[in-house]
Structure formats: structure tokens, C-alpha cells
Amino acid sequence: TSQLKQNLIQIQNSLPSTYSLPQKLIENYNSIEIQPFTNDSKIDEGPYQCNDQSNVIKFRDSETTRLTVLDSDKLLLKFDNENVEKLIEVEGCYKKSQEEENNQTNESTSQKTSRAFQNPQFHKAGNLICDVYKIEQSLSDDKSHKVLIAKMDFRNSNLNEVKLKNSIKYFFSKCYCSSVNRQNQKLVYYNLHYNFKVKSLVEELGSDSRPKFNVQIIGIDSLSHAHALRKIPDTLEFLESPNNNNNKNRKTFTLKNYNILGKNTQPNLFPFLTGHNMESFPNFFINNKPGQIDNYNQTGDDLPILFYNFKKAGYTTVFYEDLPKYALFNFLTFGFKKSPADFYARPVVLSEAYKYLSQVRESGKDLCVGSKSKIENMLEDWGSKLFSGKKANNKPPIFSFLYTSEYSHTDLNQASLLDQPLLNYYRNMLKNDDNTIFILFSDHGFRVGGLFSDTIQGKFEHMLPLFRISFPNKFIEEFPEAYENFKINRKGVSSPVDIYAIFVHLLDLRPDG
């Protein structure tokens, strides 16, 4: 450490007066840890552990509850009897026998309930009550609201299911050990539920028989091409390896000269999804100068966002961001009056349920949503479940844009936690898939903190983000000319506006060229 300090001082003294080393580097020399950027430095923690941190959320949604579509009008939310009994037993949520009740008539209700929780004697019908709430978003104030839509009472019956309207997309259930009058109750189960029943083809498609391919985009904040090789190597190797059987049915390419258009997320994702830079729509972005805010009143509904292009072409659209405070179309803007996509995650991530289930755990991090990690919640609930059942010819194609910032925006090493979940996701999705174009990309390289981003290497990587695209063989066979053009153009310099152009062109492609 002493030698390192001397070296830093020598470097500082040798620099022209107009240049200086980052002050943070000088001040924190005692805590500097030199770590080579190789696969050996990858955090080998596996999937982030979320299933044993809280007794309220220890049961995975798939184990305790199941959601079934009965018909076009009804959903069925059903609790598994065995897991409910386990929940009652583990949580000490018991119903006292009539004999016990008769022996304790002089106690108040609260005393009885309190003592029952402390020293339970029981039979299997537990004092369990569940409330089910629908999640709604008020786009006028950009807040999420809950509406009580059902109650499930396990105290006096074996009722373990409830029918809901199939128009409800997002809801959550809260279950309590409860006294009869519910004056004393203990929260024992809390979980989010999603209804991703995809609608039938829209009528305006008419006789359009053009082949339509799903488009599945996963974005990772602040991950350069080089840093992706360090932090998600297993995922990249799986996508590109010729020894992978799934890759025999598709071709995957890297845009090595993919460049940024701005230093942070908005100036890079905005042209990615609209084809324009931010300056093209000054009335959409709030100017913080006093007295000028009234002149800035354009909402995202008026922008040429790709979701609208694909929706008009008959696609089901999906839009997910895990960091609502800095969301692309909401940060320092007026947001939307209407949902921009068929399935829009913002009301969910702003909801009471999501915030509760994302509380900081013992590790000091908040990378969980209940018993799932946030990346699993994104990939499984907003990815795999939406694409399941899409092989039928009478189902509309999907345009899906999933974007995560939580893991990689402020932590240079934490992107390693994405590798195994991404690998599992692509393994599952690529099995026998011949109808989906997959894109894995980033907005820019790592730029926070200074220790790495202020180095020459860091500045270089910041400008060259990750971009992988994978075409199924079916697409190559249907559109050979477009595919060959892409193979040529991928070698040149590209940027987010070029990617937007690819999407627009995709919607106009015809087998005859």
C-alpha cells in the first residue's frame, strides 16, 4: 500500500497542471484492491438467494398458488392444499378446538388470539384469511393503486380457490393468521400474480399472410461488450457456440462496432425505440428552468415508439423496466396517458406489493421480489410465461422489451449475478424455437464511480456496449436477401438509430423481397 501511494504521487506530480488523477483514487488508496478483469474475478455466487430471508415470503408462487385460465371471461386462483397446511403449521396459524374455547371464556378476544399464536393447539382448519387485490395504475399521477377484488376464508371451510375476471392482468394476494373479527392478524403470505393470457389476432390484420417473427429484446444497463465477456461468459458462449444443439437452428452475431449516441441511458435507448434523438421532441422532456414547464406538455403517447408500430402490425407488446425512478419515458418527462404496451410493468413495480416484496434483506441488497430474484422475476414471469404457448399458428406474435438496471448500473462486479439466470432462460427459450429473433444488448458501458470509468480502458468500454442478435433459420430461409445484407452491414459502425431501422424494416419484409 505504501509503495502504491508513492507511485500515485509520482504519477500525479508528473502530470501537467491541467490534469489530475481522480481524487477518489488518491483518498482511498488504503482500500484499493487490484483485481484483474478476467473470468477468474467473476463473482461465483450463482443465482441470488431469495427463498430463505423472510418467513412471510418463503413459499414460491408456483408452489403455493396456481393461476388457470378457465375461459375467455374467467380466471381461477387456487391455493395448493398441502402447501396451505404447511403454511398454517409453520406460521403457528391454528384454529382452537371448541373445548379450548369453552375453557377460556373469561379471556378477551385479543388475549385468546395472542395466546393461541404463542402456544397453539390445533386441528388442520387454520385461522387463515386471504385478500386479493387488483393492481391499477393512475397514469394521471403516475402512481399504482390497489382494489380489493376477492376474499378467501379458510377458517370455516376448505375454500382454497376464487374465480376472477380474465380482464385483470396483475394482482396480489395477502394472507393472514387472523382472529374471527380480524382485529388481531399476522401476515404470513404475500405474493404477486400475473395473467398473461394473450389475446387472439386483431381484426385489422385481415388477409395479411406475411410470416411474422417474435422479437425478444433483453437490455442490461451499463454493460460493455468487453465487460460482458468477463461477467456473463457462460451466457455468451451458449448463444454463440457451434457445439450447442440449439444453435443449429439459428445464427447469432455480435455487433462489435456498436456505438453509443450519448453518455447515459436516455440518449441511447430513446433513439433505439423511436429512431430519433431526444432533441427531436423537446416538448416531451421537462425543462427544470422556472417558468418554462408549461411549455413542455407532450406525452409519450405522441411519440413514434416501436411498441405502436408492432401493435399496429398485430403483435402483442411487452414493456418491462425494473427501476421505475429512472424509467426511459418517465424520467424528467410527462410519461404516458395510456399504457404504451399490452403488458406494461410500471404499475407492478410501483405497487405496494412489489415494494414490500423487494425490501432489503440481510445481505443489505434488495435484489429479490418475494422468493425470486429480480432477474428471475423479469425473465420467468415477463419472459418465459408470456412466450409459452406461442407456437400455435393462430396466436399473435410478440414484441417484448425487457430492461434491467438494478444489477449493473452502480456495481461493476454485480453483473455476474445475471449470468446463470440468463443462461437458464436462453436454454429454455431456444429449445425447438424457430420463430423468435433474440437480442441481448446494453445502452452503454459502465460509467459510475470513477475508479474504473475514469481510466482510458473504462472510457473506451463506455462507448462500446454489448449487442448480440440471433436469427432463427426459418427467418434466414424466408428472407435470404435481408439476412445477407445484415451480415455485410454488421461489420460497419452502428448505433441505436440503426437498430430502430432494422425493426421498422422487419415489419415491411415480404418473402419475395
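Residues numbered from 1 in each chain as written. Predicted model: local features only at pLDDT ≥ 70, side-chain atom pairs only at ≥ 80, totals over all residues. Heavy atoms only, no water.

**Student:** When you look at unusual backbone geometry in this model, what are you seeing that I'm missing?
**Tutor:** In the Ramachandran plot, Ser222 falls in the positive-phi region, its phi being about 60° despite a non-glycine side chain. Looking at the element boundaries, Ser222 is found in the loop between β8 (214-220) and α7 (225-231). Unusually for a residue other than glycine, Leu332 sits at a positive phi of about 55°. Its place among the elements puts Leu332 in the loop between β10 (316-321) and β11 (343-344). (Helix = DSSP H or I, 4+ residues; strand = E, 2+ residues; numbered from the N terminus.)

**Student:** Before we go on, may I ask you to explain the sheet that holds strand β14 (residues 398-404) in this structure?
**Tutor:** In a beta sheet, neighbouring strands pair by backbone hydrogen bonds and run either parallel or antiparallel. The sheet built from seven strands is open, its strands ordered β9-β16-β15-β8-β14-β10-β11 with mixed pairing. The sheet is open, and its two edges are formed by β9 (250-254) and β11, each paired on a single side. Bridge count between β10 and β11: two bridges; the pairing is parallel. Residue Phe319 lies in a different strand from β11, and its bridge partner there is Tyr344. Seen against the sheet, helix α13 (residues 374-387) touches β8, β10, β11, β14 and β15 (436-442) and runs at an angle of roughly 180° to β14. With respect to the sheet, helix α14 (residues 419-429) is in contact with β8 and β15, its orientation differing from that of β8 by roughly 175°. (Pairing = 2+ DSSP bridges. Contact = heavy atoms within 4.5 Å. Axes fitted to C-alpha atoms, helices over the stretch in contact; angles between N-to-C directions.)

**Student:** Honestly, empty space enclosed by the protein in this entry has me stumped. Any pointers?
**Tutor:** Inspection of every chain in the model, using the stated rule, returns three cavities of 30 Å³ or more. Volume-wise, the second largest cavity comes out at about 50 Å³. Forming the walls of the second largest cavity are Phe319, Tyr320, Glu321, Pro324, Ala327, Asn330, Tyr344, Ala345, Arg346 and Val349. Contributing elements (two or more residues each) for the lining of the second largest cavity: β10 and α11 (346-349). The element that contributes the greatest number of residues to the lining of the second largest cavity is β10, accounting for three residues. Residues belonging to the lining of the second largest cavity are distributed by class as follows: seven nonpolar, one polar and two charged. (1 Å grid on protein atoms, 1.4 Å probe; cavity = no way out; pocket = protein on both sides within 12 Å on 5 of 7 lines; lining within 4 Å. Points joined across faces, edges and corners; volume = space filled by probe spheres on them. Nonpolar A, V, L, I, M, F, W, Y, C, P; charged D, E, K, R; others polar.)

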